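Read off the chains here:
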Amino acid sequence: MLPTGVRDTQLRESNSQKVHPQPMEESMNQNPEAVEALISKVFTNISSLKSAYIQLQAAHTPYDPDKIQAADKLVISELKNLSELKHFYRENNPSPVCVSPQDSRLAAEIQEQQILLKTYGVMVKKFQSEIQNKDSEIMQLQQHIEEAKQKQAKLEKNLKLRGLSTKESEASAGENGFSPVDLTPDLLTSVVEAAYKAIHDFAKPLINMMKAAGWDLDAAANSIEPTVVYAKRPHKKYAFESHICQRMFSGFQQENFSIKLDNLTITKESFFHQFLTLRDMDPLDMLGQSPDSIFGRFCRSKYLVVVHPKMETSFFGNLDQRNYIMGGGHPRTPFYQAFLKLAKSIWLLHRLAFSFDPPVEIFQVKRGSEFSEVYMESVVKNLVMDEGDQKPKVGLMVMPGFWVGGSVIQSRVYLSGMKVAE
């Protein structure tokens, strides 16, 4: 048994000693494999995060929205994984009262990684903002492109209507020979005048050839329209001009001019382009390049209805030229070349008429109609009317009339039973 003084001394020493909880080191040492696995996962996760961040940077040069979005998702996924590891560690390892040096190093490293994660998070938000800005810029640029395309389409349409295309405009008077032309009623009027002149120019040699072949011109004129009373015998030439006119303008009101197109659709721009293409070309040269074109088929069909086989036989003694044309050819004879000039003028008028929007309308005057100064023009100018005379009547229509917009291009007529001033 200890003396009293010694026992009191031991008790005081015992009470002066502090009692600590079990150190964290001891707790961790209880399952070191789990700690090592957790640390390994942390480092693996951080490596993956770095790799995802590098991918995110690479996707910006060159700028690729799809790759940026994929890399962004990968960064977020790795951040979530790291956050889960953090929570897992805290749940299984409460904060100790006393931390060993080894634990301090681990805690410092985790804190460092948390700081890096915050930095990565800020950069990710920055990149997301940049992506949104880029997307907004792309949408604006796409809108500008669409507006530019619409403006280009309008300009190209206007250029085509003026006889130019985007490629042709730089060399309009050079390579293609196109010069700027306005699609106006004045242009149509000039082409109508040219067509009427072409009818007159073809009728003249036709009458001369009939005369040379021994035809009775009076009987031929009467067979065309027997009831017309001519003021002068030379006026019977208008019967032949009327015959040519009626045959050449048959089917004019149709887009295909009664020519089979094999389901080919032609736009108004195409009509005007065809007008410009043929306007300054020799028709025989064009047919030499494309004998079975729609213009070539038009020429063949119209020749066969304008020039009767009996007439052709009396001119040439045979039907060789007719047979050659029916077989798909275009002979280089003077007579056929004269006809091609006529065919070209009517074809040009048709192409131009359907270039307008809405298309030009044709109107014809029937025999016996009362003369109208609004819609008709007499081909004979020095007519005389007495006070008691009835209103003049139409004997022959030599050229049809046209409506273009609100304007009228008068038809040309020969008035029957009129007197002519000497």
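Residues numbered from 1 in each chain as written. Predicted model: local features only at pLDDT ≥ 70, side-chain atom pairs only at ≥ 80, totals over all residues. Heavy atoms only, no water.

**Here's the deal with the overall build of the protein**
In terms of helices and strands, the protein carries 14 helices and eight strands. A total of 422 residues make up the protein; the buried ones form 36% of that total. (Helix = DSSP H or I, 4+ residues; strand = E, 2+ residues; numbered from the N terminus. Buried < 20%, exposed > 50% of the residue type's maximum accessible area, 1.4 Å probe, protein only.)

**A short note on the nonpolar core**
Residues F249, F298, L349 and F402 are the most contacted members of the largest nonpolar core, which totals 75 residues. Element by element, the count of residues in this core is highest for helix α6 (residues 185–212), at 13 residues. Once residues lying within four places of it in the same chain are set aside, the contact partners of F249 are I199, F257, I346, L349, I362, M399, P400 and F402. Within the second largest apolar cluster, 20 residues are counted, among which are I46, A52, I68 and A71. (Core = buried A, V, L, I, M, F, W, Y, C linked by side-chain atoms within 4.5 Å. Contact = heavy atoms within 4.5 Å.)

**A short note on the sheet that holds strand β1 (residues 361–363)**
Spatially, three strands are ordered β1-β5-β6 in an open sheet, and the strand pairing comes out antiparallel. The open sheet has two free edges, formed respectively by β1 and β6 (407–409), since each of these has just one partner strand. In this sheet, neighbouring strand axes are inclined to one another by 25 degrees on average, regardless of whether the strands run parallel or antiparallel. (Pairing = 2+ DSSP bridges. Axes fitted to C-alpha atoms, helices over the stretch in contact; angles between N-to-C directions.)

**So, a nonpolar patch on the surface**
On the surface, V374, Y375, W403 and V408 cluster together into a nonpolar patch covering about 340 Å² of accessible area. Note on placement: Y375 falls in the loop between β1 and β2 (376–378). (Patch = residues over 30% accessible without salt bridge, like charges linked within 9 Å, V, L, I, M, F, W, Y side chains within 5 Å. Areas by Shrake-Rupley, 256 points an atom, 1.4 Å probe, with all protein chains shown as cover. Salt bridge = Lys/Arg side-chain N within 4 Å of Asp/Glu carboxyl O.)

**Regarding the environment of F257**
Of note, F257 is situated in the loop between α8 (237–248) and α9 (268–279). With 94 residues separating them in the primary sequence, F257 and R351 have C-alpha atoms 9.6 Å apart. Non-local contacts of F257, meaning those with residues more than four positions away in its chain, are made with M248, F249, S250, G251, F252, F298, K302, I346, W347 and H350.

**Looking at empty space enclosed by the protein**
Scanning the entire structure with this criterion turns up one cavity of 30 Å³ or more. Its boundaries defined by the atoms lining it, the largest cavity holds a volume of some 30 Å³. Along its surface, the largest cavity is lined by A231, S378, V380, L383, Y414, L415 and M418. When the residues that make up the lining of the largest cavity are grouped by side-chain class, the tally is six nonpolar, one polar and no charged. (1 Å grid on protein atoms, 1.4 Å probe; cavity = no way out; pocket = protein on both sides within 12 Å on 5 of 7 lines; lining within 4 Å. Points joined across faces, edges and corners; volume = space filled by probe spheres on them. Nonpolar A, V, L, I, M, F, W, Y, C, P; charged D, E, K, R; others polar.)

**Digging into the pairing of strand β5 (residues 401–404)**
Here β1 pairs with β5 via three bridges, running antiparallel. Each residue of the ladder has a partner; that of E361, found in β5, is W403. Bridge count between β5 and β6: three bridges; the pairing is antiparallel. Looking at the pairing, V404 lines up with S407 of β6. Connecting β5 to the next strand, β6, in antiparallel fashion are two residues, including G405 with a positive phi near 65 degrees.

**Thoughts on the sheet that holds strand β7 (residues 411–416)**
With mixed pairing, the three strands of this open sheet are ordered in space as β2-β7-β4. Every interior strand has two partners, whereas the edge strands, β2 and β4 (393–399), have only one. Taking the axes of each pair of neighbouring strands and ignoring which way they run, one obtains an average angle of 45 degrees across the sheet. Pairing geometry for β4 and β7, over five bridges, is antiparallel. In the sheet register, L396 faces β7, and the bridge partner there is Y414.

**Here's the deal with the packing of helix α3 (residues 32–58) against helix α4 (residues 65–92)**
Their axes nearest at 9 Å, the elements α3 and α4 cross at an angle of 160 degrees. By the criterion of interaxial angle, the relationship of α3 to α4 is roughly antiparallel. Seen along the crossing, α3 lies across α4 with a hand that is left-handed. Across the interface between the two elements, L38, K41, V42, N45, I46, S48, L49, A52, Y53, Q55 and L56 from α3 touch I68, A71, D72, L74, V75, E78, L79, N81, L82, L85, F88 and Y89 from α4. For the contact of α3 with α4, the per-class residue count stands at 16 nonpolar, four polar and three charged. (Parallel < 35°, antiparallel > 145°, perpendicular 65-115°, else oblique. Left-handed = near helix turned anticlockwise from the far one by under 90°.)

**Re helix α11 (residues 294–306)**
Think of an α-helix as 3.6 residues a turn; residues three or four steps apart then line up on the same face. Across its 13 residues, α11 extends 18 Å between first and last C-alpha, which sits within 8% of the 18 Å expected from 1.5 Å per residue. Those residues of α11 lying buried are I294, F295, G296, F298, C299, R300, K302, Y303 and V306. (Expected span 1.5 Å × (residues − 1).)

**Topic: the packing of aromatic side chains**
Throughout the structure, instances matching the rule amount to 24 aromatic pairs. Lying across the ring of W347, R351 places its NZ or CZ 4.0 Å from the centre. Between R412 and the ring centre of Y196, over which it is positioned, the NZ or CZ distance is 4.6 Å. (Phe/Tyr/Trp six-rings, centres within 6.5 Å; stacked < 30°, edge-to-face > 60°. Lys NZ or Arg CZ within 6 Å of the ring centre and 35° of its normal.)

**Brief notes about the layout of surface pockets**
Taken as a whole, the second largest pocket encloses approximately 460 Å³ of empty space. In terms of lining, the second largest pocket is formed by 26 residues, of which the most central are A220, S223, I224, H243 and R247. Listed by contribution, the elements that provide at least two residues to the lining of the second largest pocket are α6, α7 (217–224), α8, α11, α12 (309–316) and β4. Tallied by class, residues from the lining of the second largest pocket come to 14 nonpolar, six polar and six charged.

**Focus on unusual backbone geometry**
In this chain, D357 is followed by P358 through a cis amide linkage whose omega measures 0 degrees. When you line up the elements, P358 lands in the loop between α14 (334–353) and β1. At F257, a residue that is not glycine, the phi angle is positive and equals roughly 55 degrees. Located in the positive-phi region is S258, a residue other than glycine, with phi close to 65 degrees. Tracing the chain through its elements places S258 in the loop between α8 and α9. A relative accessible area of 44% means that S258 is categorised as partly exposed.

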